[in-house]
Amino acid sequence: MTIKVGVFGAGGRMGTEVANAVSAEPDLDLVAAIDPSYEGIGVEQVTGVSGPTFAVVSDPAAALAAGVEVMVDFTHLDAARANLEFCADNGIHAVVGTSGFTEDEHADIAARFTSSNCLIAPNFAIGAVLMMRFAELAAPHFETAEIIELHHDGKIDSPSGTAIGTAERMARASEAWGPDPVTSQTIPGARGAKGPAGIPIHSVRMRGMTAHQEIILGTAGQTLVIRHDSFDRSSFMPGVVLAVRRIASLPGLTIGLDALLD
Ligand code: NAP
(Lines give C-alpha, C1' and ligand atoms only; values in the text may rest on other atoms or scores of the structure.)
Protein backbone atom coordinates (compact mmCIF):
# COMPACT_ATOMS: atom_id res chain seq x y z
CA MET A 1 0.00 0.00 0.00
CA THR A 2 1.37 3.42 -0.93
CA ILE A 3 0.42 6.75 0.67
CA LYS A 4 -0.90 9.32 -1.82
CA VAL A 5 0.86 12.63 -1.20
CA GLY A 6 0.37 16.16 -2.51
CA VAL A 7 2.55 19.25 -2.10
CA PHE A 8 1.40 22.84 -1.51
CA GLY A 9 4.10 25.21 -2.77
CA ALA A 10 5.49 22.58 -5.14
CA GLY A 11 7.48 25.12 -7.15
CA GLY A 12 9.19 26.71 -4.15
CA ARG A 13 12.60 25.94 -2.71
CA MET A 14 11.29 23.48 -0.13
CA GLY A 15 8.33 22.20 -2.19
CA THR A 16 10.63 21.15 -5.03
CA GLU A 17 12.82 19.24 -2.58
CA VAL A 18 9.75 17.60 -0.99
CA ALA A 19 8.38 16.52 -4.38
CA ASN A 20 11.68 14.81 -5.15
CA ALA A 21 11.98 13.23 -1.69
CA VAL A 22 8.43 11.83 -1.89
CA SER A 23 8.97 10.53 -5.42
CA ALA A 24 12.11 8.71 -4.32
CA GLU A 25 10.27 6.65 -1.66
CA PRO A 26 8.66 3.41 -2.91
CA ASP A 27 5.85 3.59 -0.32
CA LEU A 28 4.91 7.21 -1.16
CA ASP A 29 3.12 8.31 -4.31
CA LEU A 30 3.30 11.94 -5.45
CA VAL A 31 -0.14 12.59 -6.99
CA ALA A 32 -0.78 16.35 -6.69
CA ALA A 33 1.24 19.56 -6.80
CA ILE A 34 -0.37 22.90 -5.94
CA ASP A 35 1.34 26.21 -6.65
CA PRO A 36 -0.41 29.17 -8.33
CA SER A 37 2.88 30.46 -9.75
CA TYR A 38 3.33 27.32 -11.89
CA GLU A 39 -0.28 26.70 -13.01
CA GLY A 40 -0.46 24.30 -15.95
CA ILE A 41 3.25 23.44 -16.10
CA GLY A 42 4.25 19.77 -15.83
CA VAL A 43 5.36 18.71 -12.34
CA GLU A 44 8.47 17.09 -13.81
CA GLN A 45 9.42 20.44 -15.40
CA VAL A 46 8.77 22.45 -12.23
CA THR A 47 10.38 20.12 -9.70
CA GLY A 48 12.66 17.87 -11.73
CA VAL A 49 10.95 14.66 -10.54
CA SER A 50 11.09 11.68 -12.83
CA GLY A 51 7.98 9.52 -12.90
CA PRO A 52 4.86 11.61 -12.16
CA THR A 53 3.59 13.53 -15.21
CA PHE A 54 0.59 15.60 -14.05
CA ALA A 55 0.44 19.41 -14.17
CA VAL A 56 0.97 21.77 -11.24
CA VAL A 57 -2.30 23.62 -10.52
CA SER A 58 -3.53 26.45 -8.29
CA ASP A 59 -6.81 24.86 -7.18
CA PRO A 60 -6.45 22.52 -4.16
CA ALA A 61 -9.53 20.64 -5.41
CA ALA A 62 -7.08 18.77 -7.66
CA ALA A 63 -5.79 17.08 -4.52
CA LEU A 64 -9.27 15.69 -3.82
CA ALA A 65 -9.63 14.46 -7.39
CA ALA A 66 -6.27 12.70 -7.08
CA GLY A 67 -7.29 10.98 -3.83
CA VAL A 68 -4.58 12.64 -1.73
CA GLU A 69 -4.22 11.29 1.81
CA VAL A 70 -1.45 13.62 3.03
CA MET A 71 -0.71 17.18 1.91
CA VAL A 72 2.69 18.72 2.70
CA ASP A 73 2.73 22.52 3.00
CA PHE A 74 5.78 24.71 2.49
CA THR A 75 4.26 28.02 1.34
CA HIS A 76 3.70 31.36 3.10
CA LEU A 77 1.79 31.86 6.34
CA ASP A 78 -1.44 33.26 4.86
CA ALA A 79 -1.52 30.58 2.16
CA ALA A 80 -0.77 27.86 4.72
CA ARG A 81 -3.66 29.01 6.94
CA ALA A 82 -6.07 28.60 4.01
CA ASN A 83 -4.47 25.31 2.99
CA LEU A 84 -4.92 23.92 6.50
CA GLU A 85 -8.60 24.85 6.45
CA PHE A 86 -8.92 23.02 3.14
CA CYS A 87 -7.22 19.91 4.54
CA ALA A 88 -9.28 19.90 7.75
CA ASP A 89 -12.55 20.46 5.88
CA ASN A 90 -11.80 17.60 3.49
CA GLY A 91 -10.37 15.02 5.90
CA ILE A 92 -6.84 15.20 4.47
CA HIS A 93 -3.83 14.86 6.80
CA ALA A 94 -1.49 17.87 6.78
CA VAL A 95 2.28 17.99 7.33
CA VAL A 96 3.28 21.63 7.65
CA GLY A 97 6.71 23.25 7.52
CA THR A 98 5.61 26.80 6.77
CA SER A 99 6.84 29.07 9.53
CA GLY A 100 4.99 31.71 11.50
CA PHE A 101 2.17 29.85 13.28
CA THR A 102 1.97 31.05 16.88
CA GLU A 103 0.98 29.09 19.97
CA ASP A 104 -2.27 31.13 20.04
CA GLU A 105 -3.26 29.71 16.65
CA HIS A 106 -2.62 26.10 17.62
CA ALA A 107 -5.88 25.72 19.56
CA ASP A 108 -7.95 26.89 16.56
CA ILE A 109 -6.09 24.52 14.24
CA ALA A 110 -6.48 21.62 16.68
CA ALA A 111 -10.22 22.27 16.87
CA ARG A 112 -10.53 22.16 13.08
CA PHE A 113 -8.76 18.82 12.61
CA THR A 114 -11.48 16.42 13.72
CA SER A 115 -11.49 13.90 10.88
CA SER A 116 -7.82 14.09 9.89
CA ASN A 117 -4.52 14.97 11.57
CA CYS A 118 -2.06 17.83 11.37
CA LEU A 119 1.63 18.11 12.23
CA ILE A 120 3.34 21.48 12.28
CA ALA A 121 7.12 21.39 12.70
CA PRO A 122 9.16 24.58 12.91
CA ASN A 123 12.13 22.53 11.77
CA PHE A 124 12.28 19.08 10.16
CA ALA A 125 16.06 18.64 10.53
CA ILE A 126 16.95 16.12 13.26
CA GLY A 127 19.89 18.27 14.38
CA ALA A 128 17.60 21.26 14.86
CA VAL A 129 15.09 19.17 16.80
CA LEU A 130 17.93 18.12 19.13
CA MET A 131 19.17 21.73 19.35
CA MET A 132 15.74 22.85 20.62
CA ARG A 133 15.65 19.99 23.12
CA PHE A 134 19.17 20.76 24.38
CA ALA A 135 18.24 24.46 24.78
CA GLU A 136 15.18 23.47 26.79
CA LEU A 137 17.32 21.23 29.04
CA ALA A 138 19.94 23.95 29.54
CA ALA A 139 17.47 26.78 30.22
CA PRO A 140 16.94 26.24 34.00
CA HIS A 141 20.71 26.39 34.57
CA PHE A 142 21.29 29.84 33.03
CA GLU A 143 19.84 33.30 33.72
CA THR A 144 20.53 34.92 30.36
CA ALA A 145 20.05 33.66 26.82
CA GLU A 146 19.92 35.09 23.32
CA ILE A 147 19.02 33.42 20.03
CA ILE A 148 20.62 34.29 16.70
CA GLU A 149 18.95 32.75 13.65
CA LEU A 150 20.67 33.05 10.28
CA HIS A 151 18.99 32.31 6.93
CA HIS A 152 19.38 32.77 3.18
CA ASP A 153 18.45 36.13 1.68
CA GLY A 154 15.24 34.74 0.12
CA LYS A 155 13.54 34.18 3.48
CA ILE A 156 10.85 36.83 3.77
CA ASP A 157 9.65 36.32 7.35
CA SER A 158 11.46 36.89 10.62
CA PRO A 159 12.20 35.66 13.13
CA SER A 160 12.23 32.04 11.97
CA GLY A 161 9.68 29.54 13.31
CA THR A 162 12.59 27.60 14.81
CA ALA A 163 13.75 30.64 16.79
CA ILE A 164 10.24 31.33 18.11
CA GLY A 165 9.74 27.64 18.91
CA THR A 166 13.07 27.48 20.72
CA ALA A 167 12.32 30.57 22.81
CA GLU A 168 8.84 29.26 23.67
CA ARG A 169 10.31 26.00 24.94
CA MET A 170 13.05 27.78 26.92
CA ALA A 171 10.45 30.12 28.43
CA ARG A 172 8.36 27.14 29.54
CA ALA A 173 11.44 25.41 30.98
CA SER A 174 12.47 28.37 33.17
CA GLU A 175 10.95 31.57 34.52
CA ALA A 176 14.18 32.81 36.12
CA TRP A 177 15.51 34.99 33.31
CA GLY A 178 17.52 38.08 34.25
CA PRO A 179 16.35 41.54 33.10
CA ASP A 180 17.89 43.21 30.06
CA PRO A 181 20.56 45.61 31.46
CA VAL A 182 20.30 47.96 28.46
CA THR A 183 18.32 51.14 29.20
CA SER A 184 19.18 53.10 26.07
CA GLN A 185 19.75 51.99 22.47
CA THR A 186 21.62 54.45 20.26
CA ILE A 187 20.24 52.57 17.24
CA PRO A 188 16.74 51.16 17.97
CA GLY A 189 16.59 47.40 17.55
CA ALA A 190 20.23 46.85 18.47
CA ARG A 191 19.12 44.38 21.16
CA GLY A 192 17.01 42.36 18.68
CA ALA A 193 13.34 41.51 19.20
CA LYS A 194 12.03 40.37 22.55
CA GLY A 195 10.72 36.81 22.21
CA PRO A 196 8.90 34.68 24.81
CA ALA A 197 10.11 35.42 28.39
CA GLY A 198 11.94 38.44 26.91
CA ILE A 199 14.62 36.23 25.32
CA PRO A 200 16.18 38.41 22.60
CA ILE A 201 16.01 36.99 19.05
CA HIS A 202 18.27 38.35 16.30
CA SER A 203 17.59 37.57 12.62
CA VAL A 204 20.36 37.54 10.02
CA ARG A 205 19.48 37.31 6.29
CA MET A 206 22.53 36.55 4.21
CA ARG A 207 23.40 35.38 0.70
CA GLY A 208 25.17 32.03 0.78
CA MET A 209 23.43 30.73 3.91
CA THR A 210 20.67 28.11 4.18
CA ALA A 211 19.27 27.73 7.75
CA HIS A 212 21.32 28.15 10.90
CA GLN A 213 20.74 28.97 14.56
CA GLU A 214 22.84 29.66 17.60
CA ILE A 215 21.62 29.83 21.19
CA ILE A 216 23.96 31.50 23.67
CA LEU A 217 23.22 30.88 27.34
CA GLY A 218 25.12 32.60 30.14
CA THR A 219 25.51 32.37 33.89
CA ALA A 220 28.25 33.42 36.31
CA GLY A 221 31.66 32.83 34.75
CA GLN A 222 30.51 30.65 31.84
CA THR A 223 28.53 30.51 28.63
CA LEU A 224 27.15 27.64 26.60
CA VAL A 225 26.67 27.89 22.85
CA ILE A 226 24.37 25.46 21.06
CA ARG A 227 24.51 25.72 17.28
CA HIS A 228 22.89 23.92 14.37
CA ASP A 229 23.59 24.38 10.65
CA SER A 230 21.49 23.15 7.74
CA PHE A 231 23.80 23.57 4.74
CA ASP A 232 21.36 21.98 2.32
CA ARG A 233 17.55 21.52 2.11
CA SER A 234 18.10 17.77 1.93
CA SER A 235 18.64 18.03 5.73
CA PHE A 236 14.88 18.52 6.18
CA MET A 237 13.71 15.61 4.01
CA PRO A 238 14.09 12.59 6.34
CA GLY A 239 11.92 14.44 8.87
CA VAL A 240 9.29 15.34 6.26
CA VAL A 241 9.15 11.77 4.94
CA LEU A 242 8.90 10.39 8.49
CA ALA A 243 6.01 12.78 9.26
CA VAL A 244 4.19 11.82 6.04
CA ARG A 245 4.46 8.14 6.97
CA ARG A 246 3.34 8.64 10.58
CA ILE A 247 0.75 11.44 10.43
CA ALA A 248 -2.22 9.05 10.09
CA SER A 249 -1.40 7.65 13.54
CA LEU A 250 -1.06 11.03 15.32
CA PRO A 251 -4.58 12.20 16.23
CA GLY A 252 -5.38 15.92 16.17
CA LEU A 253 -2.58 18.47 16.13
CA THR A 254 1.07 17.58 16.77
CA ILE A 255 3.68 20.30 17.17
CA GLY A 256 7.26 19.44 16.32
CA LEU A 257 8.93 16.20 15.32
CA ASP A 258 9.76 15.19 18.90
CA ALA A 259 6.69 12.96 19.22
CA LEU A 260 7.93 10.89 16.26
CA LEU A 261 11.46 10.34 17.57
CA ASP A 262 12.26 7.65 20.11
P1 NAP B 1 9.42 29.65 -1.37
O2 NAP B 1 10.60 29.24 -2.17
O3 NAP B 1 8.94 31.08 -1.47
O4 NAP B 1 8.23 28.66 -1.76
C5 NAP B 1 6.89 28.84 -1.42
C6 NAP B 1 6.06 28.50 -2.64
O7 NAP B 1 4.67 28.44 -2.28
C8 NAP B 1 6.18 29.55 -3.76
O9 NAP B 1 6.34 28.93 -5.02
C10 NAP B 1 4.85 30.28 -3.63
O11 NAP B 1 4.47 30.95 -4.81
C12 NAP B 1 3.94 29.10 -3.30
N13 NAP B 1 2.61 29.49 -2.86
C14 NAP B 1 2.15 30.68 -2.42
N15 NAP B 1 0.85 30.62 -2.12
C16 NAP B 1 0.46 29.34 -2.35
C17 NAP B 1 -0.77 28.65 -2.22
N18 NAP B 1 -1.87 29.26 -1.77
N19 NAP B 1 -0.82 27.33 -2.54
C20 NAP B 1 0.27 26.70 -2.99
N21 NAP B 1 1.49 27.31 -3.16
C22 NAP B 1 1.57 28.60 -2.82
O23 NAP B 1 9.67 29.40 0.17
P24 NAP B 1 10.56 28.22 0.84
O25 NAP B 1 11.95 28.68 1.00
O26 NAP B 1 10.28 26.93 0.12
O27 NAP B 1 9.92 28.17 2.29
C28 NAP B 1 8.54 27.91 2.48
C29 NAP B 1 8.21 27.96 3.95
O30 NAP B 1 8.86 26.87 4.61
C31 NAP B 1 8.69 29.22 4.68
O32 NAP B 1 7.72 29.60 5.63
C33 NAP B 1 9.96 28.77 5.37
O34 NAP B 1 10.26 29.54 6.50
C35 NAP B 1 9.58 27.36 5.74
N36 NAP B 1 10.67 26.42 6.00
C37 NAP B 1 10.47 25.51 6.98
C38 NAP B 1 11.40 24.52 7.23
C39 NAP B 1 11.11 23.49 8.28
O40 NAP B 1 11.95 22.58 8.50
N41 NAP B 1 9.96 23.55 8.94
C42 NAP B 1 12.58 24.48 6.49
C43 NAP B 1 12.79 25.44 5.49
C44 NAP B 1 11.81 26.40 5.24
P45 NAP B 1 4.84 32.58 -4.86
O46 NAP B 1 6.31 32.65 -4.79
O47 NAP B 1 4.27 33.01 -6.16
O48 NAP B 1 4.17 33.20 -3.69
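Because the structure is a prediction, the values reported are computed rather than measured. (Residues numbered from 1 in each chain as written. Predicted model: local features only at pLDDT ≥ 70, side-chain atom pairs only at ≥ 80, totals over all residues. Heavy atoms only, no water.)

**Side note on the overall build of the chain**
A count of helices and strands for the chain gives eight helices and 11 strands. Whereas a compact globule of 262 residues would reach a radius of gyration of roughly 18 Å, the chain reaches 19 Å, a difference of no more than 12%. Reported as C-alpha extents along the three principal axes, the dimensions of the chain are approximately 60 × 35 × 30 Å. Each of the 262 residues in the chain was classed as buried or not, and the buried ones make up 48%. A fraction of 68% describes how many contacts in the chain between residues 6 or more apart in sequence connect residues 24 or more apart. Entry remark: accessible area of the chain is about 12300 Å², with carbon and sulfur atoms responsible for 55%. The centroid of the 16 positive side-chain charges in the chain is displaced by 4 Å from the centroid of its 31 negative side-chain charges. (Helix = DSSP H or I, 4+ residues; strand = E, 2+ residues; numbered from the N terminus. Rg over C-alpha atoms; globule rule 2.2 N^0.38 Å. Buried < 20%, exposed > 50% of the residue type's maximum accessible area, 1.4 Å probe, protein only. Contact = heavy atoms within 4.5 Å. Areas by Shrake-Rupley, 256 points an atom, 1.4 Å probe, with all protein chains shown as cover. Lys, Arg positive; Asp, Glu negative; His and termini not counted. Charge placed at Lys NZ, Arg CZ, Asp CG, Glu CD.)

**Things to note about the site of the ligand**
Taken together, 24 residues sit near the ligand, with Met14, Asp35, Ser37, Ser99 and Lys155 positioned nearest. Interatomic distance of 3.0 Å between a backbone N/O atom of Ala121 and a nitrogen atom of the ligand. In this structure, a nitrogen atom belonging to the ligand sits 3.1 Å away from a main-chain N or O atom of Pro122. In isolation the ligand offers 930 Å² of accessible surface; the protein chains occlude 79% of this area. (Near = heavy atom within 4 Å. Polar contact = N/O pair within 3.5 Å; in protein donor to acceptor, adjacent residues only side chain to side chain.)

**A look at a nonpolar patch on the surface**
Together, Ile126, Leu130, Phe134 and Leu137 make up a nonpolar patch on the protein surface, roughly 370 Å² of accessible area in all. Positionally, Ile126 belongs in helix 6 (residues 126-138). (Patch = residues over 30% accessible without salt bridge, like charges linked within 9 Å, V, L, I, M, F, W, Y side chains within 5 Å. Salt bridge = Lys/Arg side-chain N within 4 Å of Asp/Glu carboxyl O.)

**Examining the domain arrangement of the chain**
Taken domain by domain, the chain holds domain 1 (3-120 + 234-260) and domain 2 (126-231). With centres defined by C-alpha atoms, the gap from domain 1 to domain 2 works out at 28 Å. The interface of domain 1 with domain 2 comprises eight residues on the first partner and 12 residues on the second. Buried surface at the junction of domain 1 and domain 2, summed over both partners, amounts to about 830 Å²; 47% is from carbon and sulfur atoms. (Domains from an automatic or database assignment. Buried area = accessible area lost by both parts, 1.4 Å probe.)

**Let's talk about the nonpolar core**
Residues Phe124, Met170 and Leu217 are the most contacted members of the largest nonpolar core, which totals 53 residues. Counting residues domain by domain, this core receives three or more from each of domain 1 (3-120 + 234-260) and domain 2 (126-231). (Core = buried A, V, L, I, M, F, W, Y, C linked by side-chain atoms within 4.5 Å.)

**What about the pairing of strand 2 (residues 28-34)?**
Across the seven residues of strand 2, six count as buried, placing the element largely inside the fold. Each parallel crossover has a hand, and the one from strand 1 (residues 3-8) via helix 1 (residues 13-23) to strand 2 is right-handed. (Right-handed = clockwise from strand over helix to strand, strands pointing away.)

**Observations concerning the sheet that holds strand 3 (residues 70-73)**
Spatially, six strands are ordered 2-1-3-4-5-11 in an open sheet, and the strand pairing comes out parallel. Looking along the sheet, the strands with just one partner apiece sit at the ends: strand 2 and strand 11 (253-255). If you compare each strand with its neighbour and ignore which way they point, the axes differ by 20° on average. Those strands touched by helix 1 are strand 1, strand 2 and strand 3, and its axis lies near 155° from that of strand 2. (Pairing = 2+ DSSP bridges. Axes fitted to C-alpha atoms, helices over the stretch in contact; angles between N-to-C directions.)

**Regarding the side chain of Asn123**
Among the structural elements, Asn123 can be located in the loop between strand 5 (118-120) and helix 6. From its side chain, Asn123 meets the backbone nitrogen of Ala125 in a polar contact 3.0 Å long. With residues up to four places along the chain from it excluded, the contact list for Asn123 reads Ala128, Val129, Met132, Thr162, Phe236 and Leu257.

**Things to note about helix 7 (residues 161-173)**
Over its 13 residues, helix 7 extends 18 Å from the first C-alpha to the last, a length consistent with the 18 Å expected when each residue adds 1.5 Å. By the burial criterion, the buried members of helix 7 are Gly161, Thr162, Ala163, Gly165, Thr166, Ala167, Glu168, Arg169 and Met170. (Expected span 1.5 Å × (residues − 1).)

**Some points on the packing of helix 4 (residues 77-89) against helix 5 (residues 103-112)**
Across the interface, helix 4 lies against helix 5 with an axial gap of 9 Å and an inter-helix angle of 25°. In terms of orientation, helix 4 lies roughly parallel with respect to helix 5. Facing helix 4, whose interface residues are Arg81, Leu84, Glu85, Ala88 and Asp89, helix 5 presents Glu105, Ile109 and Arg112. Residues belonging to the contact of helix 4 with helix 5 are distributed by class as follows: three nonpolar, no polar and five charged. (Parallel < 35°, antiparallel > 145°, perpendicular 65-115°, else oblique. Nonpolar A, V, L, I, M, F, W, Y, C, P; charged D, E, K, R; others polar.)

**Some details on helix 6**
With 13 residues, helix 6 should cover 18 Å at 1.5 Å per step; its first-to-last C-alpha distance of 18 Å lies within 8% of that length. Of all the residues in helix 6, the buried ones are Ala128, Val129, Met131, Met132, Ala135, Glu136 and Ala138.

**Focus: the sheet that holds strand 9 (residues 211-219)**
Strand order in the open sheet formed by five strands is 7-8-6-9-10, with mixed pairing between adjacent strands. Of all strands in the sheet, those with a lone pairing partner are strand 7 (193-194) and strand 10 (222-230), marking the two edges. In this structure, strand 6 (residues 144-151) lies alongside strand 8 (residues 200-205), joined through five bridges in parallel fashion. By the bridge assignment for strand 8, Leu150 is matched with Val204. With respect to the sheet, helix 6 is in contact with strand 9 and strand 10, its orientation differing from that of strand 10 by roughly 165°.

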